[in-house]
Structures are given as C-alpha cells and as structure tokens.
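# Close look at the chain arrangement
The chain contents come next:
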Amino acid sequence: MARSLTILGATGSIGRSTAEVVLAHRDEFHVEAVVGGSNVQALADKAKSLGARFAALADEGANAELKDALAGTGIGCGAGRSAVLEAVDRPSDIVLAAISGTAGLEPTHAALKPGRRIALANKESLVCAGTAFMADARRRGVEVVPVDSEHNALDHALTAGHNRNVEKAVITASGGPFRTWPRERIAAAGAREASAHPIWSMGSKINIDSATLMNKGLELIEAHHLFGLEAERLDVLVHPEAIIHGLVQWTDGALTAGLALPDMKVPIANAMRGAERIPMNLPRLDLAAIGRLTFERADELRFPCLALARAALKAGGAAPTILNAANEIAVEAYMAGHIGFYAISEIVEEVCSSFSGTGNAPATVAEALAVDGEARDRARRLVPGKRL
Ligand code: NDP
Ligand code: MG
C-alpha cells in the first residue's frame, strides 16, 4: 500500500532528489504536503509534479503569489509559520525533513507524531536540540531514520552487532574542495571556490560547511544523538572517493562498512522505506573499475572547525547549540563576502568561549532556541559590517 509522505524543504537539493525517488516509485508513495522557504515557482512546480494535496511556504509575504501559481490545480496552500505547521500536521506516514539550517528545527520537531517515520536530513535539528528532540521522538514513538549518507550507512552497519561492542563508529569525509590546498590559499578563497564540492551537489550552507569540515563536526554530533555513542567512540576519516560512508569497528577488531556510489537518492529511499529496500534504477558500484580507495586523517590545523565541533561534542551541555548557531551566522557572513574563510572558525571559537560554562543540554526545543538566539546575537556582533 502506498505510504503518505510530507516533504519539508521540497525545493532544495535533498527535496529534489526525494522528488526523483517518488516519481520513479509512484506506487510506493503519495505526497500529502510539500514545504519550502520562499521560492514560489519552485514549490508550485514541485506540488504539481508530485500531485501534493497541500503546499506551504515559510515566507509569509508569498501567500497571494503561491495561491496564483496553484490556482485551478485543487492543491491547497498557505504561507507563513502557521501554514508550515499545518502542512506538518496533515496526516502522513513519513516526513522527509530537509529544510536547511536551524530553521528546520521547529517544523521537524512538530512532525514528531506517534507512529510516524522521520527521514531526517536536517542535521542542524539534532545539533541544536538533539537531547530534547530524541527524547521527544522516543516518548512519542517516532522512528527517526537518518538520510545523511554517513549516518544511513552507520545505521545499517550497527545492526551487525550490539552497541556495547562498538569500539568506534567512523564517518567518512570527502575532504571538500580544499582538501589538498595549503592554508594560505584556503585563507584567500571566496564562497564560490568553497562551493565547488568535488563529489556532492548540495545546498549553499552545507557546501560551505563541507569546505570548512564543520559539516563533519556537525555529523559527529548528529551521530552521537542518533546512536547514543559518546565522543570517544566517534571518529572521522577522510576518504576522497566517498564510496565508503560509514564504518563500525567492533571490540574484536572487525569492521563493518556501508558502501554506495555517492548519490543521495540511495539513503533517501532507504530512510523513507526501511529494510524493505526499493529497487533503484541507478548505476551499480563497480569496485574493480574503481580499482582503489584512498584514506587520510583529517587535518584540524587547516580545518579548525572540525576541532571546534569535536570540542563542543566533548563539552556537551549547550556547547553544540552554541557552536551551530555561531556557525550559521559566520557562514552567512562568509557567503555575503563580509568575512574571510578562517574568520568562520574564529567567530565560532570566540562565541563558544564567550559562554561561561555550557550548562546542561537544553531540555526542550524552546530552551535550545533561546540559547541559539543568544549565540547568534553574539556572533553577529563579531561580523564586520563591510566587505573584506
Ligand atoms: P538546500 O539549501 O538545497 O534546500 C533547503 C530547503 O529548505 C529548500 O527547499 C528551501 O526553500 C527550504 N527552506 C529554507 N529556509 C526555510 C524555512 N525557514 N522554512 C521552510 N523551508 C525553508 O539544502 P539541502 O537540500 O542541501 O540541505 C537540506 C538539509 O539536508 C540540510 O540540513 C543539510 O545539512 C542536509 N543534508 C544535505 C545533503 C545534500 O546532499 N544536499 C546531504 C546530507 C544532509 P527555498 O528553495 O524556497 O529556499
Ligand atoms: Mg553527510
């Protein structure tokens, strides 16, 4: 029987890949609602092509335009926070959560309804408010399945044994566009160069996070919340070919790895469907043709954001919330050309150390958002108001 699906962030990179999976498997899913940020035409097109029943945009001012774009289609629509929450509230078996950044937290959290499956791409929800989010998911009987390729791979690898026998869970990193660049050259790089990811085609914020390796740091924190593994049992391995996505090293020294060609449609389909895998008409991994896979240690001197994220994970409490908020402001400033590449890590570090102690992990989403707001204010004060 077809399962109903709501897509948060339907117009983004993950949203578009999700739409491809759905359109190739029309008998498996029917789309209840689609949600976007501000792009009216893109959302209207997605709603129509997917046959959604409802479409919501976060941008309140877009209501009339969205209504016009969907006139005569029979697709209900709305704009603003309440419309987004209405979309989330509509009956659906699966919610694919792919809004980018902490903006995704409130709707993704509101999507935690009994019996649902959350296919989670929006890692910032867990970094900002992981303790509260996962506790609420457990309490409400919601299954949270990672879309992030590394975590999706780990999710499967971990089924090969008991959590207590995990010595280390390792997520791989392609290394981003600056993997082989010397520090001076990275320091002078602009957002366009930072966005030229060698493997993945992604949204603008995660592109920059991949260049700084903050993405990998956020993923360590995401893994901690998803799998209940502490900082000491989580690690990063640079693997430029991005074929192995996650590895579990067991206490007897054996390893279990998750491999796939780097195409987000694979973990997306899996997160939506589960163990009963969907046949996917995609190229198959031909290891003999690839010939060799290579690995390196991550260089935290050239990529200090990774060290900052590890430190926040270790410190616990509200440290990841603070780190994530400061990073979002710094990345925005970098993309706008207001700061240089290494100012991202400098701002994150300064904001993190401006909080005296990290307290307890925020126990509710509201608490997390309060800390997030304060950290954003502090980060904004560190951004110079002029172009470099
Ligand atoms: P994109 O920037 O491509 O897409 C973001 C989506 O979120 C768009 O649909 C955008 O709408 C929507 N959006 C933005 N702000 C809001 C808001 N306030 N309310 C509702 N919707 C909003 O991002 P990606 O698809 O690349 O990434 C999405 C998430 O998935 C991120 O958390 C990222 O870390 C994670 N992820 C992404 C991967 C990838 O390969 N891209 C891999 C693993 C994880 P609009 O188009 O109108 O702006
Ligand atoms: Mg990832």
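Structural data are supplied above this passage.
Per chain, residues are indexed from 1 in the order of the written sequence. Naming scheme: in the order in which they are written, chains are lettered from A and ligands are numbered from 1. Local features in a predicted model are, by the rule used here, given only for residues with pLDDT of at least 70; side-chain atom pairs are given and counted only at 80 or more, and totals for whole chains, interfaces and linings are based on all residues. Heavy atoms from the whole structure form the basis of all side-chain values; hydrogens and water molecules are not counted.

## What to know about the nonpolar core
Grouping buried Ala, Val, Leu, Ile, Met, Phe, Trp, Tyr and Cys residues that are joined through side-chain atoms within 4.5 Å yields what is termed a nonpolar core. Any residue under 20% of the maximum accessible area for its type is buried, any over 50% is exposed, and the rest in between are partly exposed; the area is computed with a 1.4 Å probe on protein chains only. If you look at the biggest cluster of nonpolar residues, it comprises 86 residues, and the most contacted ones within it are I118, F178, L323, Y334, I339, I344 and V351. Numbered from the N terminus, helices here are DSSP runs of H or I no shorter than four residues, and strands are runs of E no shorter than two. With 10 residues, helix α15 (residues 319-335) is the single largest residue contributor to this core. Whether two residues are in contact is decided by their heavy atoms: any pair within 4.5 Å suffices. Ignoring anything within four residues of it in the chain, the contact list for I344 reads I208, T212, C305, N327, A330, V331, Y334 and I339.

## Brief notes about the state of the cysteines
Defined simply, a disulfide is a covalent bond joining two cysteines at their sulfur atoms. Note on terminology: pairs of cysteine sulfur atoms within 2.5 Å are recorded as disulfides. Tallied over the full model, the rule gives 0 disulfides. Looking at C128, it has no disulfide partner, and the nearest cysteine sulfur is the one in C352, 13 Å off.

## Considering α15
With 17 residues, α15 ought to run about 24 Å at 1.5 Å a step, and its terminal C-alpha atoms sit 24 Å apart, in line with that. For α15, the buried fraction is high: 15 of the 17 residues fall into the buried class. Positive phi shows up at G337, right after α15, with a value of about 80 degrees. To estimate how far a helix should extend, the number of its residues minus one is multiplied by 1.5 Å.

## Things to note about the sheet that holds strand β2 (residues 29-36)
Hydrogen bonding along the main chain pairs the strands of a sheet, whether they run parallel or antiparallel. Here a strand pair is declared whenever DSSP counts at least two bridges between the two strands. Taking strand neighbours across the sheet as the criterion, the 7 strands line up as β4-β3-β2-β1-β5-β6-β7 in an open arrangement whose pairing is parallel. For this open sheet the edge positions go to β4 (76-79) and β7 (143-146), each flanked by a neighbour on one side alone. Recorded for the sheet is a direction-independent mean angle of 20 degrees between the axes of neighbouring strands. Relative to strand β6 (residues 117-120), strand β5 (residues 94-97) is paired through 4 bridges, and the arrangement is parallel. Note on β6: the bridge partner recorded for A97 is L120. Throughout, an axis means a line fitted to C-alpha atoms (over the contacting stretch in the case of helices), and angles, computed between N-to-C directions, take values from 0 to 180 degrees. Its contacts with the sheet put helix α3 (residues 63-70) on β3 (54-57) and β4, and the angle it makes with β4 is roughly 160 degrees.

## Here we look at the packing of aromatic side chains
Both the distance between ring centres and the angle between the ring planes are used here to describe each pair of aromatic rings. Any two of the Phe, Tyr and Trp rings considered here, Trp counted by its six-membered ring, make a pair once their centres fall within 6.5 Å; the pair's planes then place it as stacked at under 30 degrees, edge-to-face at over 60, or tilted in between. This model, assessed by the stated rule, comprises 4 aromatic pairs. Taking the centre distance of 4.5 Å and the plane angle of 40 degrees together, the rings of F178 and W181 count as tilted. The exposure classification of F178 matches that of W181, with both residues buried. Put simply, the rings of F178, W181, Y334, F341 and Y342 touch in pairs and so form one group of aromatic residues. Two thresholds decide whether a charge sits over a ring: the Lys NZ or Arg CZ must be within 6 Å of the ring centre and within 35 degrees of the ring normal. The lysine or arginine in question, R378, covers the ring of F355, its NZ or CZ lying 3.9 Å from the ring centre.

## Comments concerning the packing of helix α1 (residues 13-24) against helix α2 (residues 40-50)
What describes two packed helices is the angle between their axes and the distance between those same axes. Here α1 crosses α2 at 15 degrees, and the two axes come no closer than 11 Å. When the axis of α1 is compared with that of α2, the two are roughly parallel. Relative to α2, the crossing made by α1 is left-handed. Between α1, through R16, A19, V22 and L23, and α2, the contact on the second element is made entirely by K46, S49 and L50. Residue type decides the class: Asp, Glu, Lys and Arg count as charged, Ala, Val, Leu, Ile, Met, Phe, Trp, Tyr, Cys and Pro as nonpolar, and the leftover types, Gly among them, as polar. Looking at the contact of α1 with α2 residue by residue, the classes come out as 4 nonpolar, 1 polar and 2 charged. With respect to orientation, any angle under 35 degrees is reported as roughly parallel, any angle over 145 as roughly antiparallel, any angle of 65 to 115 as roughly perpendicular, and every other angle as oblique. Two helices cross in a left-handed way if the nearer one is turned anticlockwise from the farther one by less than a right angle. They cross in a right-handed way if the turn is clockwise.

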